[in-house]
Structures are given as C-alpha cells and as structure tokens.
Amino acid sequence: DVQLQASGGGLVQPGGSLRLSCGGSGFTFDDYAIGWFRQAPGKEREGVSYITQSGGRTYYADSVKGRFTISRDNAKNTVYLQMNSLKFEDTAVYYCATSAFIPKPKWTDYTLYDYWGQGTLVTVSS
C-alpha cells in the first residue's frame, strides 16, 4: 500500500531554514507527482509546492516563491522541501501527498490527493 512519511520539522527562528523530507514506499515512486501542503491552526489546508514525476516541473504558492525549493531524488524515494527565510506565518503542520493523477493546474486542490503523510510540525518563533 502507498505510504508517505514526512519528517524534518522543528522550531526555527524567523529568517532561518529547515529542510523537510518526504519518503515514499509501497509504490513506484517515480510514477507519482508529489505535493507539499500545510495547515495552520484554524486555517484551511493550502498547497505549498508540487513536483512532477521526473522533477522537471515545479510549482509554488505565491507566499513561498523565492524562499522554498522543492526537489526529489527518485533513487532514494524522497522528495525534499528546502525552506529558507522562514517567517512567522510559515508556522504550520506540513504534509506531503500524492495520487495517481493530479492535473497540474489543480495541484493546490488537496481533495485530489489520495495518499497523505502524517505531517511534520514547523514552528517559526523567536
């Protein structure tokens, strides 16, 4: 069965950096695009970034563009989210997710993703 495992969250000061990892198992990893989402308390889950199967195309929410970088290593069945210049408003639980087919224009629609990792908490605080 498809499993995703997100890790790498923690407490960081504003302006700092973290790298999240999303490991996959139980499926052919390079057949699946991967999305990162986040959910802050009291807010709706929002799409942060998305990477295609080969890693050739990447997408970002406007709020993180220029600060976050998504990448993948299919040999290691892992997708990364490098987060730099972190802000207070980046505080949230971060999830990775995937599905057999996700139309690229709709990558931010979390209802299209069938498989989710357990989430990792990122707290930006001074």
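Nothing here was measured: the structure is a model prediction, and the numbers come from that model. (Residues numbered from 1 in each chain as written. Predicted model: local features only at pLDDT ≥ 70, side-chain atom pairs only at ≥ 80, totals over all residues. Heavy atoms only, no water.)

Caption draft 1: Region of the structure containing the pattern of salt bridges. Across all of its chains, the model carries four salt bridges by this definition. Two residues, Asp-62 and Lys-65, come together in a salt bridge whose shortest N-O distance is 3.1 Å. One exposure class covers both Asp-62 and Lys-65, and it is exposed. The partner of Asp-90 in a salt bridge is Arg-67, and the shortest N-O contact between them spans 2.7 Å. Taken as a pair, Asp-90 in the loop between strand E8 (78–83) and strand E9 (92–98) and Arg-67 in the loop between strand E6 (58–60) and strand E7 (68–73) lie far apart in primary sequence, 23 residues in all. (Salt bridge = Lys/Arg side-chain N within 4 Å of Asp/Glu carboxyl O. Buried < 20%, exposed > 50% of the residue type's maximum accessible area, 1.4 Å probe, protein only. Helix = DSSP H or I, 4+ residues; strand = E, 2+ residues; numbered from the N terminus.)

Caption draft 2: Layout of the side chain of Arg-72. The topology assignment puts Arg-72 in strand E7. In this structure the side chain of Arg-72 is engaged in a polar contact, spanning 2.7 Å, whose partner is the side chain of Asn-74. Contacts of Arg-72, omitting those with residues within four sequence positions, involve Phe-29, Asp-30, Tyr-32, Ala-33, Ile-34, Ile-51, Thr-52, Gln-53, Ser-54, Gly-55, Thr-78 and Val-79. (Polar contact = N/O pair within 3.5 Å; in protein donor to acceptor, adjacent residues only side chain to side chain. Contact = heavy atoms within 4.5 Å.)

Caption draft 3: Here's a closer look at the packing of aromatic side chains. One pass over the full model with this rule turns up eight aromatic pairs. Geometrically, the ring pair formed by Tyr-95 and Trp-116 is edge-to-face, given 6.2 Å between the ring centres and 80° between the ring planes. Within this pair, whereas Tyr-95 is found in strand E9, its partner Trp-116 is found in strand E10 (residues 115–116), the two being separated by 21 residues in sequence. Cluster of aromatic residues (ring-pair linked, three or more members): Phe-37, Tyr-95, Tyr-113 and Trp-116. One cation-aromatic arrangement involves Arg-45 over Tyr-95; the distance from NZ or CZ to the ring centre is 4.0 Å. Its end group placed over the ring of Trp-116, Arg-45 keeps NZ or CZ at 4.6 Å from the ring centre. (Phe/Tyr/Trp six-rings, centres within 6.5 Å; stacked < 30°, edge-to-face > 60°. Lys NZ or Arg CZ within 6 Å of the ring centre and 35° of its normal.)

Caption draft 4: Geometry of the state of the cysteines. Evaluation of the coordinates by the stated rule reveals one disulfide. Each disulfide pairs two cysteine sulfurs, and for Cys-22 the partner residue is Cys-96, the sulfurs being separated by 2.2 Å. Given an S-S torsion of about 80°, the disulfide between Cys-22 and Cys-96 has right-handed geometry. With Cys-22 in strand E3 (residues 18–25) and Cys-96 in strand E9, this pair connects stretches of sequence that are 74 residues apart. (Disulfide = S-S within 2.5 Å.)

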